[in-house]
Amino acid sequence: MTSTPDLRLQWSSAYQPAWDDDAAAYVAAGLVGWGRSRRLLRADDPARHYKAYIGVHHSDPAQWGRSGEPAAKFFLSLFLRGRTVAFRTYARFPAALTDLRAYHASLPPAQA
């Protein structure tokens, strides 16, 4: 899970690889507040104007007057030229990282 020459990865000190399959562990450890989010990774490719974040989000449907249990999930936000192109949620961190890399790989080469 390292950077490549064209895609820089900046890891948060809050990221815990042992919790890649358990987003709720961040809530239990107090690293993500109730109904809050925390970024765990930022990816940048300035030449392609690409930026992405992977994080963990806790939501409580009752805050919005809806039924359902509170839950924590990983999220991926993708930005191209300053615009949001996708926001997705995941049960596992590696799935979000795979999608981040796949979207980056699908971009046209940077123009000189």
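Here, the structure is the one placed above.
Just so you know, these numbers come straight off a predicted model, no measurement behind them.

**Quick word on the nonpolar core**
1) Next: Leu40, Ile54, Phe74, Leu76, Phe93 and Leu100 are the most contacted members of the largest nonpolar core, which has 25 residues in total.
2) Next: When contributions to this core are tallied by element, the ones reaching two or more residues are strand S2 (37-45), strand S3 (50-59), strand S4 (71-80), strand S5 (83-90) and helix H2 (93-106).

**Notes on the packing of aromatic side chains**
1) Next: For the structure on display, the rule yields nine aromatic pairs.
2) Next: Here Trp19 and Tyr26 contribute two aromatic rings whose centre-to-centre distance is 4.9 Å and whose plane-to-plane angle is 85°, an arrangement assigned as edge-to-face.
3) Next: Among the residues examined, Trp19 registers a relative accessible area of 23% and is labelled partly exposed.
4) Next: The rings of Trp11, Tyr15, Trp19, Tyr26, Phe74 and Phe93 are connected pair by pair, giving a single aromatic cluster.
5) Next: The residue whose ring lies beneath Arg39 is Tyr53, and the NZ or CZ to ring-centre distance is 3.7 Å.
6) Next: The side chain of Lys51 reaches across the aromatic face of Phe79, ending 5.2 Å from its centre.

**Regarding H2**
1) Next: For H2, which comprises 14 residues, the first-to-last C-alpha distance of 20 Å matches the rise-based estimate of 20 Å (1.5 Å per residue) to within 8%.
2) Next: Regarding H2, the residues found buried are Phe93, Ala96, Leu97, Leu100 and His104. The arc that holds the buried residues of H2, viewed along the axis, is 100°, so those residues lie on one side. Away from the buried face of H2 by more than 90 degrees, exposed residues Thr98, Ala105 and Ser106 are located.

**Considerations on the pairing of S5**
1) Next: As paired strands, S4 and S5 are joined by seven bridges and run antiparallel to one another. Note on S5: the bridge partner recorded for Ser77 is Phe87.
2) Next: Counting the residues between successive antiparallel strands, the hairpin from S4 to S5 contains two residues, one of them, Arg81, with a positive phi of roughly 55°.

Cut-offs applied
What you see as residue numbers is a count from 1 along each chain, following the sequence as written. Note on the predicted model: pLDDT of at least 70 is required for a residue's local features to be given, and 80 or more for side-chain atom pairs to be given and counted; whole-chain, interface and lining totals, by contrast, use all residues. As a rule here, side-chain values come from all non-hydrogen atoms in the structure, and water together with hydrogens is ignored. Here the nonpolar core consists of buried residues drawn from Ala, Val, Leu, Ile, Met, Phe, Trp, Tyr and Cys, with membership extended through side-chain atoms lying within 4.5 Å. Residue burial is assigned from relative accessible area. The probe radius is 1.4 Å, only protein chains are included, and a residue is buried under 20% of its type maximum, exposed over 50%, and partly exposed in between. Note on conventions: DSSP H or I runs of at least 4 residues are helices, E runs of at least 2 residues are strands, and numbering of each starts at the N terminus. Classification of ring pairs uses Phe, Tyr and Trp, with its six-membered ring standing for Trp, and accepts pairs whose centres are within 6.5 Å; under 30 degrees between planes counts as stacked, over 60 as edge-to-face, and the remaining range as tilted. We call a charge positioned over a ring when the NZ of a Lys or the CZ of an Arg lies within 6 Å of the ring centre and within 35 degrees of the ring normal. What a helix is expected to span follows from its residue count: subtract one and scale by 1.5 Å. In this context, the arc is that of the directions from the helix axis out to the C-beta atoms. Should DSSP find at least two bridges between two strands, the strands are regarded as paired.

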